Amino acid sequence: MSRGLIIVDVQHDFCEGGSLPVTGGIAVAEGVSAYTVAHAQEYATIVATADWHVDPGEHWATDGEPDFVTSWPVHCEVGTEGADFRPELAAALEHVQAVFRKGEHEAAYSGFEGSTEVHGRRLGLADWLRERGITTVDVCGIATDHCVRATALDARREGLETHVLLDLCAGVAPRTTEAALREMRDAGVVVAHDTPAGGPAHP
Ligand code: VGL
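Reading guide: rules and limits
- Within each chain, residue numbers correspond to sequence positions counted from 1 in written order.
- Local features in this predicted model are restricted to residues whose pLDDT is 70 or higher, and side-chain atom pairs enter the listing and the counts only when it is 80 or higher, whereas totals over whole chains, interfaces and linings include all residues.
- To obtain the side-chain values, all non-hydrogen atoms of the structure were used and water was disregarded.
- Consider each residue's heavy atoms; a residue with any of them within 4 Å of a molecule or strand counts as near.
- For this analysis, a polar contact is any N or O atom pair within 3.5 Å, provided that within protein one partner can donate a hydrogen and the other can accept it, and provided that sequence-adjacent residues contribute only side-chain to side-chain pairs.
- Note on areas: Shrake-Rupley with a 1.4 Å probe; residue coverage comes only from the protein chains shown.
- Side-chain classes are defined by residue name, with Ala, Val, Leu, Ile, Met, Phe, Trp, Tyr, Cys and Pro counting as nonpolar, Asp, Glu, Lys and Arg as charged, and the others, Gly among them, as polar.
- Runs of H or I in DSSP of at least four residues are treated as helices and runs of E of at least two as strands, each being numbered from the N terminus.
- We call a residue buried when its accessible area falls under 20% of the maximum for its residue type, exposed when it is over 50%, and partly exposed in between, using a 1.4 Å probe and counting protein chains only.
- Centres within 6.5 Å make a pair out of two Phe, Tyr or Trp rings, where for Trp the six-membered ring is used; the pair is then stacked when the planes are under 30 degrees apart, edge-to-face when over 60, and tilted otherwise.
- Lysine and arginine charges are scored as sitting over a ring when NZ or CZ, respectively, is within 6 Å of the ring centre and within 35 degrees of the ring normal.
- A side-chain nitrogen of Lys or Arg and a carboxyl oxygen of Asp or Glu constitute a salt bridge if their distance falls within 4 Å.
- Whether two strands pair depends on DSSP finding at least two bridges between them.
- In what follows, residue pairs with any heavy atoms lying within 4.5 Å of each other are defined as contacts.

Caption draft 1: Structural view of the site of the ligand. Within the structure, the ligand sits among Asp 9, Phe 14, Asp 51, His 59, Trp 72, His 75, Tyr 109, Ile 142, Ala 143, His 146 and Cys 147. Contacts to the ligand include Asp 51, whose side-chain N or O atom sits 3.4 Å from a nitrogen atom. Surface burial for the ligand is 99%, taken as the share of its 250 Å² of free accessible area covered by protein chains. Residue composition of the shell around the ligand, by class: 6 nonpolar, 3 polar and 2 charged.

Caption draft 2: Representation of the side chain of His 59 in the model. With respect to the secondary-structure elements, His 59 resides in the loop between strand S2 (45–51) and helix H2 (90–93). Residue class for His 59 comes out buried when judged on its relative accessible area of 6%. At 3.2 Å, the side chain of His 59 forms a polar contact with the side chain of His 75.

Caption draft 3: Structural context of the packing of aromatic side chains. On inspection of all chains with the given rule, the structure shows 3 aromatic pairs. Ring centres of Phe 68 and Trp 72 lie 5.9 Å apart, and the angle between their planes is 85°; on these two criteria the pair is classed as edge-to-face. In this arrangement the basic side chain of Arg 101 is found over the ring face of Trp 52, its NZ or CZ atom lying 4.5 Å from the centre. Cation over ring: Arg 132 sits above Trp 128, and NZ or CZ is 3.4 Å from the ring centre.

Caption draft 4: Quick look at the pattern of salt bridges. Going through the model one piece at a time under the given rule, you end up with 10 salt bridges. Its salt-bridge partner being Asp 154, residue Arg 157 comes within 2.4 Å of it at the nearest N-O pair. Remark: Asp 154 and Arg 157 occur in helix H4 (residues 144–157); sequence separation between them is 3 residues, near one turn of the helix. Using a relative accessible area of 62% as the deciding quantity, one classes Arg 157 as exposed. A single network of salt bridges, built from pairs that share partners, joins Asp 9, Asp 51 and Lys 102.

Caption draft 5: View of the pairing of strand S3 (residues 98–102). Counting buried positions along S3 yields 4 of 5 residues, so the element is predominantly enclosed. The sheet contact formed by S2 and S3 spans 5 bridges and is parallel. Paired with Ala 50 across the strands is Arg 101, a residue of S3.

Caption draft 6: Spotlight on the environment of Cys 140. Residue position: Cys 140 is located in strand S6 (residues 136–142). On the basis of relative accessible area, Cys 140 is assigned to the buried category, the value being 0%. Here the alpha-carbon distance between Cys 140 and Gly 25, two residues 115 residues apart in the chain, equals 11 Å. Once residues within four sequence positions are removed from consideration, Cys 140 is found in contact with Leu 5, Ile 6, Ile 7, Val 8, Val 32, Val 148, Leu 165, Leu 168 and Cys 169.

Set out below in structure tokens:
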């Protein structure tokens, strides 16, 4: 079994002080860094994803009120601080081998919609994991009910054993977070509290 860690969208705009703040975002950044430093040796690969918008169309409610389900305040605009990773994530980023950016011109919730550049070649997350023989992924980050959810569901669709490290996630709203947890569990995702890699899962 070869394990990968996927750190989802721990960016300024999704944390306190950002344009689409998720309560607990900064704590997630700190927790993910501590976890990654402590467990890096247990992962064959560690990657991060980033929401990376230029003009994502109706995903940004530029002329109307966002509904916070499918339309959102302007966030993670390329070239702004809001799109940067939180500074508290720095220790984790030391171990991150690739960043998969998504959503330049459309909504993109799943990290599997993202790509990275390797030697001048665009590579998606599924190919990156496949090329490294990854069979199991742990997913953490922001937001539990949106990008973590979509990334974990896609990981299952790719046939990967998938764990969500719930203590290292933050959700936008309790109702959608509960629904996302149910949906993920139904899809076979193991929702675990701060599970050390290789250790017992506590669903
Ligand atoms: C996200 C809302 C809008 C996320 C991205 O990263 O979970 N949420 N865009």
